[in-house]
Amino acid sequence: MKADEHQLAAIHHGTGPALVTAGPGSGKTFVLTHRIQYLIDHLGVSPEQILVLTFSKKAAAEMEERFGILCPKVGKSVTFGTFHSVAYRILGRFDRSGFRMLTDEERIQFMFETLEKIVKSADLGYLLNTPEFAEEILRELSICKAKGLPIEAYSSDIIPKEVFIRIIKHYETFKNNRKGMDYEDLLIRARDLLLNSKEVLNHLQNRYRFLLIDEFQDINQIQYEICYMIADLHRNIFAVGDDDQAIYAFRGSNPAFMKRFLLDYKDCKRFELNMNYRSRREIVEIAGRLIAKNKNRITKQIKCNEPVLPTNRGTVTRNVFPTKRAQYEEIISLISESGPKTNKTPVKTDSICILCRTNEFPASLLRALEDSTLKDTSDNVQIMTMHASKGLEFDTVILPDLNEGNVPSPHSSHTAEEIEEERRLLYVAMTRAKKHLYLFSVKNKTERIAPSRFLKDCRLKFSDLRRFILHRHR
């Protein structure tokens, strides 16, 4: 792949802070790996002084692998890691208090025992001392810690504030007595170590003179503080992200940190990767109309690398069905049509992914996909949530149940901020498609089922669509 002018400008950035806004399919991993190569080969930076932070083990491993292919002689000298793995290394070397990481099972068990104790000692009958309820409380605790909030400042969605505080204090005491630490504690303790030890902070600042951060839109308060402190001495921080793809508010992430970055680093250089090399033109244009409705975003105009040709049109299908069953039958039919064309020689089909808002998906469709007549095809088909699709791409993407009460989710549509996050989630799902995108919804006045409001935001035109079908009862 040859770098375009925008990618090249970002790669060849000198020293000092830089923010790269990278739209879907714009080659951000390409830019990051070639940026590291440029630092080493052209700016004379020692590989040992480069730290690359990501948000998942998979992303860190993939980037390290791609850089290893690009620069096999120095690949292992650059530090690639998640925020948690790097925090673990820091504490492992400099923290002498002694701790052990708790497993998810241990955390749930500790919280379960805490709830059991509190329910027995007080008249709090609405508390459910079940593992599922314990997991829900832990989820809220994770958000509280990720945002850097004291427990007293957090308002629970499921129980009164004073009860939440009481539960968490019991849980923290229970956990600390066993010298246990969870993933949020890991980041907080690493942050506090940097705040309280000038020696440790100075060591890390000189050890990692160049800091690169992938998926910067997913950063939370504690992670931002850690990055800011490490980069504060040399100020060589290179952040790459897309606020339009920020979909992890439930983990404490906030796309507002991209705007804060510009305020904290007023001499920051801005680069925009605005060319989508993944998706066909209609997909890019329709997704662009959708996300443009969000107000709290860095304005950008994503373009398509594909030339304007009559044969390129018609990659989006918008279908409206009278019932969910009719919708699922169409999905099965669609998958069948794309399957092998002969019993003798299997024909390799394009990758197909059905993206759902939640894990709850009709058992009838899953059973149909496992039917023997679709067995060869279903090996080619994946079903996952919209959140799980982040960072992936498929030739064909099918988005079913684009209806009010599902997209946006009724649990995440109380505020303008939540609606914008839901719109971003649909944007992410749509931009996973390379060749074909199917937008399916149900319209049934009797059952009060209406298509999602987001479909209006797309401003779908007949010229955009391969077909727009309003299915009738058969």
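So, here is what we can say about the structure in this document.

What counts, and at which threshold
- Residues numbered from 1 in each chain as written.
- Predicted model: local features only at pLDDT ≥ 70, side-chain atom pairs only at ≥ 80, totals over all residues.
- Heavy atoms only, no water.
- Core = buried A, V, L, I, M, F, W, Y, C linked by side-chain atoms within 4.5 Å.
- Buried < 20%, exposed > 50% of the residue type's maximum accessible area, 1.4 Å probe, protein only.
- Helix = DSSP H or I, 4+ residues; strand = E, 2+ residues; numbered from the N terminus.
- Contact = heavy atoms within 4.5 Å.
- Phe/Tyr/Trp six-rings, centres within 6.5 Å; stacked < 30°, edge-to-face > 60°.
- Lys NZ or Arg CZ within 6 Å of the ring centre and 35° of its normal.
- Pairing = 2+ DSSP bridges.
- Axes fitted to C-alpha atoms, helices over the stretch in contact; angles between N-to-C directions.
- Parallel < 35°, antiparallel > 145°, perpendicular 65-115°, else oblique.
- Left-handed = near helix turned anticlockwise from the far one by under 90°.
- Nonpolar A, V, L, I, M, F, W, Y, C, P; charged D, E, K, R; others polar.
- Polar contact = N/O pair within 3.5 Å; in protein donor to acceptor, adjacent residues only side chain to side chain.
- Salt bridge = Lys/Arg side-chain N within 4 Å of Asp/Glu carboxyl O.

## Points about the nonpolar core
Counting residues in hydrophobic clusters, the biggest one holds 38 residues, and the most contacted among them are Leu194, Leu211, Phe216, Cys227, Ile237 and Phe261. Among the elements that line this core, the one with the most residues is helix α10 (residues 221–231), at seven residues. In contact with Cys227, not counting residues within four places along its chain, are Leu53, Phe83, Leu211, Ile213, Ile219 and Ile237.

## Looking at the packing of aromatic side chains
With the rule as written, the count across this model stands at 13 aromatic pairs. Ring geometry for Phe216 against Tyr224: centres 6.2 Å apart, planes inclined by 50 degrees, an arrangement best described as tilted. For the residue pair Phe216 and Tyr224, the accessibility class agrees, reading buried in each case. Following the ring pairs from residue to residue traces out a cluster consisting of Phe216, Tyr224, Tyr228, Phe257, Phe261 and Tyr265. For Arg178, the ring lying beneath its charged end belongs to Phe110, and the centroid distance is 5.5 Å. The residue whose ring lies beneath Arg178 is Phe174, and the NZ or CZ to ring-centre distance is 3.7 Å.

## Quick look at the sheet that holds strand β6 (residues 210–213)
The strands that make up a sheet are held in pairs by hydrogen bonds between backbone atoms, and each pair lies either parallel or antiparallel. Ordered by their spatial adjacency, six strands build an open sheet running β3-β2-β6-β7-β1-β8, and the pairing between neighbours is parallel. With one partner strand each, in any of the chains shown, β3 (79–82) and β8 (269–273) form the two edges of the open sheet. Across this sheet, the average inter-strand angle for adjacent strands is 15 degrees, counted without regard to direction. Here strand β2 (residues 50–54) pairs with β3 via four bridges, running parallel. The residue of β3 that forms the bridge with Leu51 is Thr79. The strands touched by helix α3 (residues 57–70) within the sheet are β2 and β3, with β3 carrying the most contacts at an inclination of about 165 degrees. Set on the sheet, α10 makes contact with β2, β6 and β7 (237–241); between it and β6 the angle comes to about 155 degrees.

## Let's talk about the packing of helix α2 (residues 28–41) against α3
It is at 10 Å that the axes of α2 and α3 come closest, and there the two elements cross at 50 degrees. Here α2 lies oblique to α3, going by the angle between them. Seen along the crossing, α2 lies across α3 with a hand that is right-handed. Where α2 approaches α3, its residues Thr29, Phe30, Leu32, Thr33, His34, Ile36, Gln37 and Ile40 are matched on the opposing element by Met63, Arg66, Phe67 and Leu70. Split into classes, the residues belonging to the contact of α2 with α3 amount to seven nonpolar, four polar and one charged.

## A short note on the side chain of Asp218
By the element assignment, Asp218 lies in the loop between β6 and α10. By relative accessible area, which is 6% here, Asp218 ends up buried. Polar contacts involving the side chain of Asp218 include one to the side chain of Lys390, which spans 3.3 Å. Beyond its immediate sequence surroundings of up to four residues, Asp218 is in contact with Phe55, Gln223, Gln245, Ala246, Ile247, Tyr248, Ser253 and Lys390.

## As for unusual backbone geometry
The omega angle of the peptide bond from Val407 to Pro408 is 5 degrees, so this bond is cis rather than trans. By secondary structure assignment, the location of Pro408 is in the loop between β14 (394–399) and α16 (416–430). With a phi angle near 50 degrees, Lys179 is a residue other than glycine that sits in the positive phi range. Looking at where Lys179 falls in the secondary structure, it is placed in the loop between α7 (161–176) and β5 (180–181). For Lys179, a relative accessible area of 51% puts it in the exposed group. Unusually for a residue other than glycine, Glu215 sits at a positive phi of about 50 degrees. Its place among the elements puts Glu215 in the loop between β6 and α10. A relative accessible area of 16% means that Glu215 is categorised as buried.

## Regarding the pattern of salt bridges
Applying the stated rule across the entire model yields 34 salt bridges. Across the pair Lys390 and Asp218 runs a salt bridge, and its minimum N-O distance is 3.3 Å. One end of the pair, Lys390, is in the loop between β13 (381–385) and β14; the other, Asp218, is in the loop between β6 and α10, and 172 residues separate them in sequence. As far as burial versus exposure is concerned, Lys390 and Asp218 are alike and both buried. The shortest N-O distance in the salt bridge between Lys300 and Asp242 comes to 3.7 Å. One end of the pair, Lys300, is in the loop between α12 (281–291) and β10 (303–304); the other, Asp242, is in the loop between β7 and α11 (256–264), and 58 residues separate them in sequence. No difference in accessibility class separates Lys300 from Asp242, as the two residues are buried.

## A look at the pairing of strand β15 (residues 433–442)
The side chains of a regular strand alternate between the sheet's two faces. Taken across its 10 residues, β15 has seven buried, putting it largely inside the fold. Judged from the six bridges that link them, strand β11 (residues 316–321) and β15 form a sheet pairing that is parallel. Bridging across to β15, Thr317 finds its partner in Tyr438. In this structure, β14 lies alongside β15, joined through five bridges in parallel fashion.

## Quick notes on α12
The buried fraction of α12 amounts to nine of the 11 residues, a majority that puts the element mostly inside the structure. Taken together, the buried positions of α12 are Arg281, Glu282, Ile283, Val284, Ile286, Ala287, Arg289, Leu290 and Ile291. The inward-facing, buried residues of α12 abut β9 (275–276), β10, β11, α16, β15 and α17 (453–457).

## Some points on the packing of helix α6 (residues 131–146) against α7
Two numbers describe how α6 lies on α7: the axes approach to 11 Å, and their chain directions differ by 85 degrees. By the angle class used here, α6 and α7 are roughly perpendicular. Of the residues in α7, those touching α6 at Ile137, Leu138, Glu140, Leu141 and Lys145 are Phe164, Ile167, Ile168, Tyr171, Glu172 and Lys175. For the contact of α6 with α7, the per-class residue count stands at seven nonpolar, no polar and four charged.

## Here we look at the pairing of β11
Among the six residues in β11, six count as buried, and that is most of the element. Along β11, one buried face is formed by Val316, Arg318 and Val320 and the opposite face, lined by Thr317, Asn319 and Phe321, is buried too.

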